[in-house]
Amino acid sequence: MSLVRRAMPEDAEEVLRLRQVMIDALPGGDSSTQWHAESLPVLRARLGEADGDFAVFVVDHPARPGALAALVVGTVDYRIGKAGNPRGLSGYVFSVATDPQARRRGYARACMEELLVWFRERGAGQVMLTASPEAEPLYASLGFVHKPDPTMMLQL
């Protein structure tokens, strides 16, 4: 049985907590959390949409019941087709975060692998993300390559 599961509406507060962990780690990240209250009901509703264009995959924290250890968040967007992606469906990974106490256990990799399956099932022809220097080895090992700009992409 996989450690990874799809996030549910009741996970929304923990999803926001881990998203803030990611934001806080970014250069120039805004540590403000006032936006959480306004974001929470929208996130709960989106987490309840099983067949939409938005997905969050998580691993439960092994030492803290009710807490999440890691997450990945992605969306599928339509963009006019092109060579290599004629249907124009593109996946975008915009949040990958691991609780500081749960790092180096393969949780982010496991979540990413589930998200890539989800993208493939929806017909995405490519997946894009922006990688921190610390995360680049993980994404490269999954097949992502650098483009001329800082975005990395995996051709599916």
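This section reports on the structure supplied with the text.

Analysis parameters
Residues numbered from 1 in each chain as written. Predicted model: local features only at pLDDT ≥ 70, side-chain atom pairs only at ≥ 80, totals over all residues. Heavy atoms only, no water. Salt bridge = Lys/Arg side-chain N within 4 Å of Asp/Glu carboxyl O. Buried < 20%, exposed > 50% of the residue type's maximum accessible area, 1.4 Å probe, protein only. Helix = DSSP H or I, 4+ residues; strand = E, 2+ residues; numbered from the N terminus. Core = buried A, V, L, I, M, F, W, Y, C linked by side-chain atoms within 4.5 Å. Contact = heavy atoms within 4.5 Å. 1 Å grid on protein atoms, 1.4 Å probe; cavity = no way out; pocket = protein on both sides within 12 Å on 5 of 7 lines; lining within 4 Å. Points joined across faces, edges and corners; volume = space filled by probe spheres on them. Nonpolar A, V, L, I, M, F, W, Y, C, P; charged D, E, K, R; others polar.

With the rule as written, the count across this model stands at ten salt bridges. With its nearest N and O atoms 2.6 Å apart, the salt bridge here joins D53 to R46. D53 sits in the partly exposed class, given a relative accessible area of 39%. Between R64 and D99 there is a salt bridge, with its nearest N and O atoms 3.3 Å apart. In this pair, R64 sits in the loop between β2 (54–60) and β3 (68–78) while D99 sits in the loop between β4 (89–98) and α3 (107–121), placing the two residues 35 residues apart along the sequence. Given the relative accessible area of 28%, R64 is considered partly exposed.

As a further point, take the nonpolar core. Grouped together as the largest cluster of nonpolar side chains are 30 residues, with contacts concentrated most on V93, M112, L115, F119, L129, Y139 and F144. When residues of this core are assigned to their parent elements, the largest contribution, eight residues, is made by α3. When neighbours within four sequence positions are excluded, Y139 is seen to be in contact with V96, M112, L129, A131, F144 and M152. M22, L71, V73 and A97 belong to the second-largest nonpolar core, a separate cluster that totals 18 residues.

Before going further, it helps to spend a moment on the environment of A37. Inspection of the secondary structure assignment puts A37 in helix α2 (residues 35–47). By relative accessible area, A37 is classed as exposed at 62%.

Counted by the stated rule, this structure contains one cavity of 30 Å³ or more. If you add up the space inside the largest cavity, you get close to 30 Å³. Lining the largest cavity are R6, A7, R46, L47, E49, F54, A55 and V56. Put simply, the parts of the chain that give the lining of the largest cavity at least two residues each are α2 and β2. Taken together, the residues that form the lining of the largest cavity break down as five nonpolar, no polar and three charged.

Considered as a void within the structure, the largest pocket measures approximately 1000 Å³ in volume. Listing elements by their share of the lining of the largest pocket, those giving two or more residues are α1 (12–25), β4, α3, β5 (126–130) and α4 (136–141). If you tally residues by element for the lining of the largest pocket, the top one is β4, at seven residues. Taken together, the residues that form the lining of the largest pocket break down as 20 nonpolar, five polar and five charged. Of the pockets and cavities examined, the second largest pocket occupies roughly 180 Å³. Lining the second largest pocket, in full, are V15, L16, R19, W35, S39, V42, L43, R46, F54, V73 and F94. Mapped onto the lining of the second largest pocket, the elements with two or more residues apiece are α1 and α2. The biggest single contributor to the lining of the second largest pocket is α2, with five residues. Considering only residue class, the lining of the second largest pocket consists of eight nonpolar, one polar and two charged.

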